[in-house]
Amino acid sequence: MENILQIATPDEAPELAHMNRMLIEDEGSPNPMSIQQLEARMRRWLDSGEYEAVIIQRNDDSVGYVLYREDVDEYDVSRRKVYVRQFFIKRAYRRRGIGKTAFEHVVQSLFPDDANIVLEVMSTNLQGRAFWERLGFEPYFTTYRRPVEA
C-alpha cells in the first residue's frame, strides 16, 4: 500500500508529541521535555507557522511524521532551503523501505524542486546517520558541545 501524506494541524499536536517522544528515545537525545511540553511546543510551532508537519499514513495507520520549514538558503539567496527538524517512522514500520519511500514522497510532493535539504542527526545515532546516508545525504557540518560539569 502507498504512503499517504496528511498535512498536520495544531489539533494533531498530541499525536505528534507522542511520536516526538519516541524519536527522542530512539536517537538517544538528552531532551528532558515531558509529553505535555512536547505537545505545547508542537502546537506553538504549527499555530505560528514556524514549522509545518506532515503525518505519514499507511493502511489508515499513522506510521510517522516529518516536521520542516522552508526558508531562503543563506549561501545562495536565489535558492530555497528546507530544514527538516524531525523525521520519524515508528519502530514496527522500519526496515521495510517505508521511511525511504515516505521521505522521497514528501520531497517530491511538498519541497521546492531546487531546494537544498538540510537536517541534523545526533553523532551517536548510528542508525539514523546510516539511514540518511542511504538517501544520499552527506555530512556537512559538525557541532561540538562542551557540557558543564555538575
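A brief report on the enclosed structure follows.

What counts and what doesn't
- Here the residue index of a chain counts from 1 through its sequence in written order.
- Owing to the predicted nature of the model, reporting of local features is limited to residues with pLDDT of at least 70; listing and counting of side-chain atom pairs is limited to 80 or more, with chain, interface and lining totals taken over all residues.
- Hydrogen atoms and water are omitted, and side-chain values are computed over all heavy atoms in the structure.
- Secondary structure elements follow DSSP: runs of H or I of four or more residues count as helices, runs of E of two or more count as strands, with numbering from the N terminus.
- Residue types Ala, Val, Leu, Ile, Met, Phe, Trp, Tyr and Cys, when buried and joined through side-chain atoms within 4.5 Å, form a set referred to as a nonpolar core.
- In this scheme, a residue with accessible area under 20% of its type's maximum is buried, one over 50% is exposed, and one in between is partly exposed, where area comes from a 1.4 Å probe on protein chains only.
- The criterion for an aromatic pair is that two Phe, Tyr or Trp rings (for Trp, the six-membered ring) have centres within 6.5 Å, with stacked assigned to planes under 30 degrees apart, edge-to-face to planes over 60 apart and tilted to the rest.
- By definition, two strands form a pair when at least two bridges between them are found by DSSP.
- Throughout, an axis means a line fitted to C-alpha atoms (over the contacting stretch in the case of helices), and angles, computed between N-to-C directions, take values from 0 to 180 degrees.
- Contacts are assigned to residue pairs with any non-hydrogen atoms lying within 4.5 Å of each other.
- Whenever a carboxyl oxygen of Asp or Glu lies within 4 Å of a side-chain nitrogen of Lys or Arg, that contact is scored as a salt bridge.

Details of the environment of Gln-36
So, point 1. In this structure, Gln-36 sits in helix H2 (residues 35-48).
So, point 2. As for Gln-36 and Ala-17, which are separated by 19 residues in sequence, their C-alpha atoms are 7.9 Å apart.

Some remarks on the nonpolar core
So, point 1. Counting residues in each nonpolar core, the largest one holds 22 residues, and the members touching the most others are Val-66, Tyr-68, Val-84, Phe-87, Phe-103, Phe-111 and Trp-132.
So, point 2. Those elements giving two or more residues to this core turn out to be strand E2 (52-58), strand E3 (61-72), strand E4 (80-89), helix H3 (98-110) and helix H4 (126-134).

Observations concerning the packing of aromatic side chains
So, point 1. On inspection of all chains with the given rule, the structure shows 11 aromatic pairs.
So, point 2. Residues Tyr-65 and Phe-88 carry aromatic rings whose centres are separated by 6.3 Å and whose planes lie at 45 degrees to one another, so their mutual orientation is tilted. With Tyr-65 in strand E3 and Phe-88 in strand E4, this pair connects stretches of sequence that are 23 residues apart.
So, point 3. For Phe-88, a relative accessible area of 2% gives the class buried.
So, point 4. Aromatic side chains Phe-87 and Phe-103 sit 5.4 Å apart centroid to centroid with 85 degrees between the ring planes, which places their arrangement in the edge-to-face category. Highlighted residues: Phe-87 in strand E4 and Phe-103 in helix H3, separated in sequence by 16 residues. Phe-103 matches Phe-87 in its accessibility class, with the two residues each being buried.
So, point 5. Aromatic rings pair up to connect Tyr-68, Phe-87, Phe-103, Phe-111, Phe-131, Trp-132 and Phe-137 into one cluster.

Points about the sheet that holds E2
So, point 1. Taken together, 5 strands build an open sheet; the order of strands is E1-E2-E3-E4-E5 and the sheet is mixed. Two strands lie at the open edges of the sheet, namely strand E1 (4-7) and strand E5 (116-119), each paired on one side alone. In this sheet, neighbouring strand axes are inclined to one another by 30 degrees on average, regardless of whether the strands run parallel or antiparallel.
So, point 2. In this sheet, E3 lies alongside E2 in antiparallel orientation, the contact comprising 7 bridges. Note on E3: the bridge partner recorded for Gln-57 is Ser-62.
So, point 3. Each of E1, E2, E3, E4 and E5 is contacted by H3, which is oriented at about 55 degrees to E1, the strand it contacts most.

Let's talk about the pattern of salt bridges
So, point 1. In the structure shown here, the tally under the stated rule is 7 salt bridges.
So, point 2. In this structure, the salt-bridge partner of Glu-50 is Arg-69, at a minimum N-O distance of 3.9 Å. Placement of Glu-50 in the loop between H2 and E2 and of Arg-69 in strand E3 is noted, with a sequence separation of 19 residues between them.
So, point 3. Looking at Glu-50, the relative accessible area reads 38%, which means it is partly exposed.
So, point 4. Of the charged contacts, one joins Glu-70 and Arg-80 as a salt bridge, the two residues approaching to 2.9 Å between their closest N and O atoms. Taken together, the positions of Glu-70 in strand E3 and Arg-80 in strand E4 put the pair 10 residues apart, joining distant regions of the chain.

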